[in-house]
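# A look at the structure
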Amino acid sequence: MARILLTEDDEAVRSFVQRALELDGHSVKAVEDGAEAVEVLAREKGKFDLLLSDIKMPVMDGIALALHTARDWPNLPILLMTGFADQRERASGLDALVHDVITKPFSLSDIRRAVRNAVAGIVPEQERRYAS
């Protein structure tokens, strides 16, 4: 399964997502902020299969983290999540760098499906076509 770096400042959401992904057999390294994620990425030399990050966080937000990650590890898929419409709009300019943006609140099956698709390289439009 995949090795995932999860960046989320809300402990409840971070724990929920981490447990859900570990149930699918993924190895999840969870951190609280984008700055901490940058440190982990550098220490681990970007050896993750997916970066899953909240957008709105203190110190370094998910947009800055996505830009940093795409610059240093361009082959690392990035999946963002947010509960704020304005943050989703900010992320829309990153279409070439970000696999998808998941809207909170999401269900367990929503996050598991989004991660599965991101790791497999299935873009959201392809998923809709396969479902019809």
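Just above sits the structure.
Quick look at the structure, then. Values in this document were obtained by computation on a predicted structure and should not be read as measured data. (Residues numbered from 1 in each chain as written. Predicted model: local features only at pLDDT ≥ 70, side-chain atom pairs only at ≥ 80, totals over all residues. Heavy atoms only, no water.)

### Notes on the overall build of the protein
Counting its regular elements, the protein contains 6 helices and 5 strands. In the protein, buried positions account for 44% of the 132 residues. For the protein, restricting intrachain contacts to residue pairs at least 6 apart in sequence, the fraction spanning at least 24 positions comes to 66%. When the accessible surface of the protein is summed, it comes to about 7,000 Å², and 51% of that surface belongs to carbon and sulfur atoms. (Helix = DSSP H or I, 4+ residues; strand = E, 2+ residues; numbered from the N terminus. Buried < 20%, exposed > 50% of the residue type's maximum accessible area, 1.4 Å probe, protein only. Contact = heavy atoms within 4.5 Å. Areas by Shrake-Rupley, 256 points an atom, 1.4 Å probe, with all protein chains shown as cover.)

### A few points about the pairing of strand E2 (residues 27-31)
Relative to E2, strand E1 (residues 3-7) runs parallel, the two being bridged by 5 bridges. Note on E2: the bridge partner recorded for Thr-7 is Val-31. Tracing the backbone out of E1, into helix H1 (residues 11-23) and back to the parallel element E2 gives a crossover that is right-handed. (Pairing = 2+ DSSP bridges. Right-handed = clockwise from strand over helix to strand, strands pointing away.)

### Quick notes on a negative patch on the surface
A grouping of Asp-9, Asp-10, Glu-11, Glu-32, Glu-36 and Glu-39 is seen on the molecular surface, where their side chains present a negatively charged patch. Examined against the element boundaries, Glu-39 turns out to sit in helix H2 (residues 34-43). (Patch = residues over 30% accessible without salt bridge, like charges linked within 9 Å, V, L, I, M, F, W, Y side chains within 5 Å. Salt bridge = Lys/Arg side-chain N within 4 Å of Asp/Glu carboxyl O. Lys, Arg positive; Asp, Glu negative; His and termini not counted. Charge placed at Lys NZ, Arg CZ, Asp CG, Glu CD.)

### Thoughts on the packing of aromatic side chains
One pass over the full model with this rule turns up 1 aromatic pair. Looking at Arg-3, its charged tip hangs above the ring of Phe-48, at a distance of 4.3 Å from the centre. (Phe/Tyr/Trp six-rings, centres within 6.5 Å; stacked < 30°, edge-to-face > 60°. Lys NZ or Arg CZ within 6 Å of the ring centre and 35° of its normal.)

### Structural notes on the sheet that holds strand E4 (residues 78-82)
Strand order in the open sheet made by the 5 strands is E2-E1-E3-E4-E5, with parallel pairing throughout. Both edges of this open sheet fall to E2 and strand E5 (100-103), since each of them pairs with a single strand only. Going from strand to strand, the sheet's axes swing by 20° on average, the running direction of each strand aside. For E1 and strand E3 (residues 50-54), the ladder comprises 4 bridges, and the chain directions are parallel. Counted as the bridge partner of Ile-4 is Leu-50 from E3. Across the sheet, H1 lies against E1, E2 and E3, angled at about 170° from E2, the strand it touches most. Against the sheet, helix H5 (residues 108-120) engages E1, E3, E4 and E5, with an angle of about 140° to E3. (Axes fitted to C-alpha atoms, helices over the stretch in contact; angles between N-to-C directions.)

### Examining H1
Given a rise of 1.5 Å per residue, 13 residues ought to cover 18 Å, and the 18 Å separating the end C-alpha atoms of H1 matches this to within 8%. Its buried side turned inward, H1 meets E1, E2, E3 and H5. Regarding H1, its N-cap is Asp-10, as a side-chain oxygen of that residue lies 2.9 Å from the backbone nitrogen of Ala-12 further along. One or two steps after H1, the chain reaches Gly-25, where phi turns positive at roughly 95°. (Expected span 1.5 Å × (residues − 1). Polar contact = N/O pair within 3.5 Å; in protein donor to acceptor, adjacent residues only side chain to side chain.)

### Quick word on the pattern of salt bridges
Evaluation of the coordinates by the stated rule reveals 6 salt bridges. Residue Arg-112 is joined to Asp-24 by a salt bridge in which the shortest nitrogen-to-oxygen separation is 2.3 Å. With a gap of 88 residues between them, Arg-112 in helix H5 and Asp-24 in the loop between H1 and E2 connect regions that are remote in the sequence. Each of Glu-8, Asp-54 and Lys-104 takes part in a single network of salt bridges with overlapping partners.

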